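Spelled out, the chains give:
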Amino acid sequence: MALDKATIEKLARHCEDAEVNAYEITKITDDYPEMTYEDAYDIQWTARANKEAKGHKIVGMKMGLTSQAKMKQMGVPNPCYGYLADYFSYGDGAQIEHDKLIHPKVEAEIAFVLKDDLVGPGCHIGDVLAATDFVMPAVEVIDSRYKDFKFDLKSVIADNSSSSRYVTGGQARSVDGLDLKTLGVVMEINGEIVQLGAGAAVLGHPATSIAMLANMMGERGEVLKAGTYILSGAITAAVSVNKGDNVTVKFQHLGTVSFKFV
Ligand code: OOG
Ligand code: MG
């Protein structure tokens, strides 16, 4: 740990304020180059506690930067995670206000809901499949608070891994008989296909990503709780959206998620 508690608290407020009020900030490692990964997660967990203190519920978690496409797109070496607050959540057919966000992008994801807690270290894909209650399709709306979506891994972790909104739809299904690795996804914006992908884009299999999340949380003594809504990471590259855009993502075997930016 390189930053003191007061600085961690200041940076947590700084990042959270930019998220709530939708304004751009400069990458925090520019001002705090000595910051460590532990500091970055301390900032994120402090912002999370601040949200809870304000009465928000933390409803889920997300993994980010789990695909080669995304790591290459953002120029970072490893995946990261973030939390999902109650007001991030939207249902199928939602209208999301573009003006309340900075420069949103959409990405197709598979969401997991667990029936048993997962406690790292040592979690593996088998533990995840055994602990999964159901999976369902989701589209994440990410909105980095950093100028031009440019960041390094520590900065993006402090910014709650760009979490902003997510939309769920389609069908919830048990993982039995479902091959999440080959499950195909087609993303359309205003009727035009913009991205294609398969579950394998996420660390070879989306459940691997959930195991990694439980293990990363385990390093901080945290448990991935049953009932938590978990986004496993983007299958496609993230696509920028404008006001008025209609987003539809078709998931093989799981149905469709669609919504509009207004
Ligand atoms: C970080 C968040 C990435 C994912 O699924 O890969 C993410 C970013 O690219 O801004 O949510
Ligand atoms: Mg994502």
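To be clear, the structure that these remarks concern was listed above.
Described in the following lines is the structure provided in the data block. Keep in mind the model is a prediction, meaning the values are calculated, not measured. (Residues numbered from 1 in each chain as written. Chains lettered and ligands numbered in written order. Predicted model: local features only at pLDDT ≥ 70, side-chain atom pairs only at ≥ 80, totals over all residues. Heavy atoms only, no water.)

Here we look at the coordination of the magnesium ion (ligand 2)
Item 1. At this site the magnesium ion (ligand 2) is bound by Glu107 (OE), Glu109 (OE) and Glu140 (OE), with donor distances of 2.0 Å.
Item 2. With a relative accessible area of 0%, Glu109 lands in the buried category.
Item 3. Its relative accessible area of 0% is what places Glu140 among the buried residues. (Donors = N, O, S within 2.8 Å, 3.2 Å for Na, K, Ca; no water. Buried < 20%, exposed > 50% of the residue type's maximum accessible area, 1.4 Å probe, protein only.)

A closer look at the state of the cysteines
Here a disulfide denotes a covalent bond joining the sulfur atom of one cysteine to the sulfur atom of another.
Item 1. Taken as a whole and assessed by the stated rule, the structure comprises zero disulfides.
Item 2. With no disulfide of its own, Cys15 lies 13 Å from the sulfur of Cys80, the closest cysteine sulfur.
Item 3. With no disulfide of its own, Cys123 has Cys80 as its nearest cysteine by sulfur position, at a separation of 19 Å.
Item 4. Taking relative accessible area as the criterion, Cys123 reaches 10% and is therefore assigned buried. (Disulfide = S-S within 2.5 Å.)

Considering empty space enclosed by the protein
Item 1. Considering all chains together, one arrives at two cavities of 30 Å³ or more under this definition.
Item 2. The volume enclosed by the largest cavity comes to roughly 90 Å³.
Item 3. In terms of lining residues, the largest cavity is bounded by 13 residues, among which Leu65, Lys70, Ile142, Ser161 and Ser162 are the most central.
Item 4. Every element with two or more residues in the lining of the largest cavity is listed here: β1 (58–64) and α4 (68–74).
Item 5. A breakdown of the residues in the lining of the largest cavity according to their chemical character gives seven nonpolar, three polar and three charged.
Item 6. Its volume calculated, the second largest cavity comes out at about 70 Å³.
Item 7. Along the walls of the second largest cavity sit Cys15, Glu16, Glu19, Ala47, Lys51, Tyr83, Phe88, Arg145, Ala158, Asp159, Asn160 and Ser163, which together make up its complete lining. (1 Å grid on protein atoms, 1.4 Å probe; cavity = no way out; pocket = protein on both sides within 12 Å on 5 of 7 lines; lining within 4 Å. Points joined across faces, edges and corners; volume = space filled by probe spheres on them. Helix = DSSP H or I, 4+ residues; strand = E, 2+ residues; numbered from the N terminus. Nonpolar A, V, L, I, M, F, W, Y, C, P; charged D, E, K, R; others polar.)

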